[in-house]
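# Results of the structural survey
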Amino acid sequence: MNLLGWSYRYVGPPDLRALVRPEAEGRRIHSAADFDDWLSTLTAADLAEPFTFVIDSAGVLRLAPRRSEHVVCAGGGPVLGAGEMSFRKESGQWVVGEVSNQSTGYCPDVSSWPTVARALDTAGIDHPASFTHEVVFRHCPVCGQLNIVRGECFVCVFCDEELPQEWNVDGAGR
């Protein structure tokens, strides 16, 4: 673990990693002005949907339209957080309406929230106190399949074996 949080490696399909191009990376948001500038380039359809986000290895929020792959948004590198985020206007300012760690490319643990919050704070964007939708990812040590744990049922949906309580997706030995 570094000072910013755990780092998550890409664990998704190799064909999606092949889409990574420097010009397709997510927009780095260092400030509210960066965010406003980026929003001005988007269509009404883009603004109506949640956005793909990552927190890059420097702790900076990167945003891209929803249909962007997280690995592309991140430029192919490891991330400190990833998921989907929507925004709404409140008292004339943009704030985070909903935010999740839903990224099957990186499968970040719910414990990545403080790093996400820190990046939003740095960018001057108000946000909820935690993820509004948490996704619990686990890798089955028996059959090797990726699982989304629902209702605190830590059982593999593919082979019925017990799943670990601790995050174990990319094998980095947290």
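Placed above this text is the structure.
The structure contained in this document is the topic of the report that follows. (Residues numbered from 1 in each chain as written. Predicted model: local features only at pLDDT ≥ 70, side-chain atom pairs only at ≥ 80, totals over all residues. Heavy atoms only, no water.)

### Comments concerning the overall build of the protein
When helices and strands are counted, the protein shows five helices and seven strands. In summary, the protein has a C-alpha radius of gyration of 16 Å against a globular reference of 16 Å for 174 residues, a match within 12%. The principal-axis extents of the C-alpha atoms in the protein amount to approximately 50 × 35 × 35 Å. When the 174 residues of the protein are sorted by exposure, 42% land in the buried category. (Helix = DSSP H or I, 4+ residues; strand = E, 2+ residues; numbered from the N terminus. Rg over C-alpha atoms; globule rule 2.2 N^0.38 Å. Buried < 20%, exposed > 50% of the residue type's maximum accessible area, 1.4 Å probe, protein only.)

### Focus on the pairing of strand 5 (residues 93-100)
Relative to strand 5, strand 4 (residues 79-90) is paired through seven bridges, and the arrangement is antiparallel. In the strand pairing of strand 5, Lys89 is matched with Trp94. Hairpin connection of strand 4 to strand 5: two residues between the antiparallel strands, including Ser91 at a positive phi of 55°. (Pairing = 2+ DSSP bridges.)

### Quick notes on the sheet that holds strand 4
An order of 1-3-2-4-5 is seen for the five strands of this open sheet, with the pairing classed as antiparallel. This sheet does not close on itself; its edge strands, each paired only once, are strand 1 (27-29) and strand 5. Looking at each pair of strands side by side, their axes are set apart by 40° on average, direction ignored. Pairing analysis gives five bridges linking strand 2 (residues 51-56) to strand 3 (residues 61-65), with the strands arranged antiparallel. Bridging across to strand 3, Phe51 finds its partner in Pro65. Its contacts with the sheet place helix 2 (residues 32-39) against strand 1, strand 2, strand 3, strand 4 and strand 5, and it is angled at close to 150° to strand 1. (Axes fitted to C-alpha atoms, helices over the stretch in contact; angles between N-to-C directions. Contact = heavy atoms within 4.5 Å.)

### Observations regarding the pattern of salt bridges
Side-chain pairs of opposite charge can arise where the charged atoms are in close proximity. Applying the stated criterion to the full structure yields nine salt bridges. A salt bridge links Arg62 to Asp56, with the shortest nitrogen-to-oxygen separation between them at 3.2 Å. One exposure class covers both Arg62 and Asp56, and it is buried. With its nearest N and O atoms 4.0 Å apart, the salt bridge here joins Asp109 to Arg138. One end of the pair, Asp109, is in the loop between strand 5 and helix 5 (113-122); the other, Arg138, is in strand 6 (residues 136-139), with 29 residues separating them in the sequence. Taken as a pair, Asp109 and Arg138 share a single burial class, namely buried. One salt-bridge network, in which partners are shared between bridges, spans Glu25, Arg28, Asp56 and Arg62. (Salt bridge = Lys/Arg side-chain N within 4 Å of Asp/Glu carboxyl O.)

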